[in-house]
Amino acid sequence: MGGFRELPREVKILTAVAFTVAVGFGIQSPAIPVFAGEFGVGSAAVGAVVSAFAFMRLATGLPGGRLVNRLGERAVLTIGMALLAVTSILAGLSWNYPQLLIFRGLCGVGSALYTVSAMNMLLRVTPASHRGRATGYFQGGYYLGTVTGPALGGGLLGVSPRLPFFVYGVAVAIAGAIATVALSKAVPIIDAVARTGTASEAGTGSGAGPGAGVGNGRPGITLGRALRHRSYLAALTTNFGLGWAVFGVRVSVLPLFLLVVIKADAAWIGTGLAAGAIMQAVTLPVAGRVADQWGRRPSLLLGQGLILGCLVMVITWQTLVAYLAAFALMGLGTAFCTTGGAATVGDVTRGRGGTVVAGYQMTADLGMTVGPLVAGQLAASYSYEVAFLATGAVVLIGWIMALVMPSRPT
């Protein structure tokens, strides 16, 4: 934990908030299909409730980044968490299906505002020498929460399918209020970090107040300028592949492969997902340190290479052991990809670029949306092997982009 203690105070606050939000999200997740089903709708309509959240996150990512540039991270974070809390409670109070669908979509808007502002603040207040570690702990808190939440949600669901929505809303409201107060005393990061991105010249103390997205009279980098950086393009392509393969295919097509081809019991689906999540959560702090000490490019290459290897393993050895091992290694690869990618974005933006951070996060959402659809269609029309080969090709493109990116942002 020594690495955690040396990080800026804001990172510790944001990590605690991420854990709280993730626990609440995990508590709510098991209740969504049950509650939606009580309105007498079919499986497609139930899936739409889940998709509405993801779609609105994707649709409002860039506007959220612009708000960060205009209002500052702390203000947008407060707005996002307040919207999350209110719409979650309203979703629990829904008395028909259309209301539930609308409020879940608005929850996605709140989630987009929260994630963009939190990540932008995290990257801005942390010097370049510690960005990988900061990202690792922040994401580790989130994934630890996603593992913990569903277990608690199952118990609440037994009381009432509405209760998890209320618990999530209250938990987010409390976390948002604490974060708003705790971050109110933060001071703008000094220009030495903005210019050099090093801790040696500026130390690690910093903060985020109103206008922090453009602080100190130095405008943040625009999305158009960022797209001219090979490092940023590498981060985008690797994150898109991550969303496609890990956040999409891993939870949609791979479980079907287990049932149809390997012909294993459905209980192993949860075991595989849990193994990957635990491996990822445990590895994230280590992966963050590797990104800081070895560099962003080696982290991205290692992470993408592990994910690619997992897909080859599943295709080559169609056994339960290979399936579970692939899930565990995929979690390991994801840890290196997420820390290396986020740290790369922080290097490019110097912590000042709300739309740039939003664009990076949106690529994972886009991959998560497109990947299962394309891979699922390929599996249905041809075979699961073809679907996984196509997924591997997407990951390979990200690996190549990481290979040709400069060792330092230009």
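Note that the structure is a prediction, hence the values are computed from the model and not measured.

Criteria and thresholds
For every chain, the first residue of the written sequence is number 1, and numbering continues from 1 along that sequence. With pLDDT at 70 or above as the cut-off, local features in this predicted model cover only qualifying residues; side-chain atom pairs require 80 or more to be listed or tallied, and sums for whole chains, interfaces and linings still use all residues. Only hydrogens and water are set aside; all other atoms, that is, all heavy atoms of the structure, feed into the side-chain values. Any Lys or Arg side-chain nitrogen located within 4 Å of an Asp or Glu carboxyl oxygen qualifies as a salt bridge. Helix and strand assignments come from DSSP, with helices taken as H or I runs of at least 4 residues and strands as E runs of at least 2, each series counted from the N terminus. The pairing test for Phe, Tyr and Trp rings, Trp by its six-membered ring, is centres within 6.5 Å, and the orientation test on the planes gives stacked under 30 degrees, edge-to-face over 60, and tilted for anything in between. Throughout, exposure labels follow a simple rule: accessible area from a 1.4 Å probe, protein chains only, divided by the maximum for the residue type, with under 20% read as buried, over 50% as exposed, and the rest as partly exposed. Nonpolar core, defined: a set of buried Ala, Val, Leu, Ile, Met, Phe, Trp, Tyr and Cys residues in which side-chain atoms within 4.5 Å join the residues together. pLDDT runs from 0 to 100 and stands for how confident the predictor is about each residue. By definition, residues are in contact when any of their heavy atoms lie within 4.5 Å. A fitted line through C-alpha atoms serves as each axis, taken over the contacting stretch for helices, and the angle formed by two N-to-C directions is quoted from 0 to 180°. Any angle that is under 35 degrees is reported as roughly parallel, and any over 145 degrees as roughly antiparallel; angles of 65 to 115 degrees are reported as roughly perpendicular and all others as oblique. By the definition used in this description, the sense in which the near helix is turned from the far one sets the handedness, with an anticlockwise turn below a right angle giving left-handed and a clockwise turn giving right-handed. All amino acids are sorted into three groups, where Ala, Val, Leu, Ile, Met, Phe, Trp, Tyr, Cys and Pro are nonpolar, Asp, Glu, Lys and Arg are charged, and the leftover types, Gly among them, are polar. Within 3.5 Å is the distance limit for a polar contact, defined as a pair of N or O atoms, with the added protein rule that one can donate a hydrogen and the other accept it, and that residues adjacent in sequence qualify only through two side-chain atoms.

Draft legend 1. Spotlight on the pattern of salt bridges. All told, the structure shown has 6 salt bridges when counted by the stated rule. Two residues, Asp 292 and Arg 133, come together in a salt bridge whose shortest N-O distance is 2.8 Å. Of the two residues, Asp 292 sits in helix 13 (residues 267-293) while Arg 133 sits in helix 7 (residues 131-159), which places them 159 residues apart along the sequence. Of the charged contacts in the structure, one is a salt bridge between Arg 296 and Asp 292, with a shortest N-O distance of 3.1 Å.

Draft legend 2. How the structure looks around the packing of aromatic side chains. Throughout the structure, instances matching the rule amount to 7 aromatic pairs. Each ring, one from Phe 257 and one from Tyr 384, has its centre 5.8 Å from the other, and the planes form 65°; the classification is edge-to-face. Here Phe 257 is found in helix 12 (residues 230-262), whereas its partner Tyr 384 is found in helix 17 (residues 384-404), with 127 residues between them in sequence. According to the relative accessible area criterion, Tyr 384 is buried, its value standing at 15%.

Draft legend 3. Main features of the nonpolar core. With 41 residues, the main nonpolar core has Leu 14, Met 81, Tyr 114, Phe 138, Tyr 232 and Val 345 as its most contacted residues. Elements with a contribution of two residues or more to this core: helix 2 (9-28), helix 5 (73-92), helix 6 (97-125), helix 7, helix 8 (163-182), helix 12, helix 15 (320-349) and helix 16 (354-381). The dominant element in this core, judged by the number of residues it contributes, is helix 6, at 8 residues.

Draft legend 4. Examining unusual backbone geometry more closely. Residues other than glycine seldom take positive phi values, yet Lys 263 does so here, at roughly 60°. For Lys 263, the position within the fold is in the loop between helix 12 and helix 13.

Draft legend 5. Structural detail: the confidence of the model for the chain. Mean pLDDT for the chain: 84, with 88% of residues reaching 70 or above. Taken element by element, the predicted model of the chain shows its lowest mean pLDDT in helix 10 (residues 199-202) (33) and its highest in helix 17 (96). In the predicted structure, residues 187-218 sits below a pLDDT of 50 and forms 79 contacts with residues beyond four places in sequence or in another chain.

Draft legend 6. Structural detail: the packing of helix 12 against helix 14 (residues 296-316). As a packed pair, helix 12 and helix 14 sit with axes 12 Å apart at the nearest point and diverge in direction by 25°. The orientation of helix 12 relative to helix 14 falls into the category roughly parallel. For the pair helix 12 and helix 14, the crossing hand works out as left-handed. Residues Thr 238, Leu 242, Ala 245, Val 246, Leu 254 and Phe 257 of helix 12 lie in contact with helix 14, whose contacting residues are Leu 300, Gln 304, Ile 307 and Val 314. Among the residues making up the contact of helix 12 with helix 14, the classes are represented as 8 nonpolar, 2 polar and no charged.

Draft legend 7. Highlighting the side chain of Ser 299. For Ser 299, the location among the structural elements is in helix 14. Reaching out from Ser 299, the side chain makes a polar contact with the backbone nitrogen of Ala 291 at a distance of 3.5 Å. Contact partners of Ser 299, with chain neighbours within four places excluded, come to Ala 287, Val 290, Ala 291, Phe 336, Cys 337 and Gly 340.

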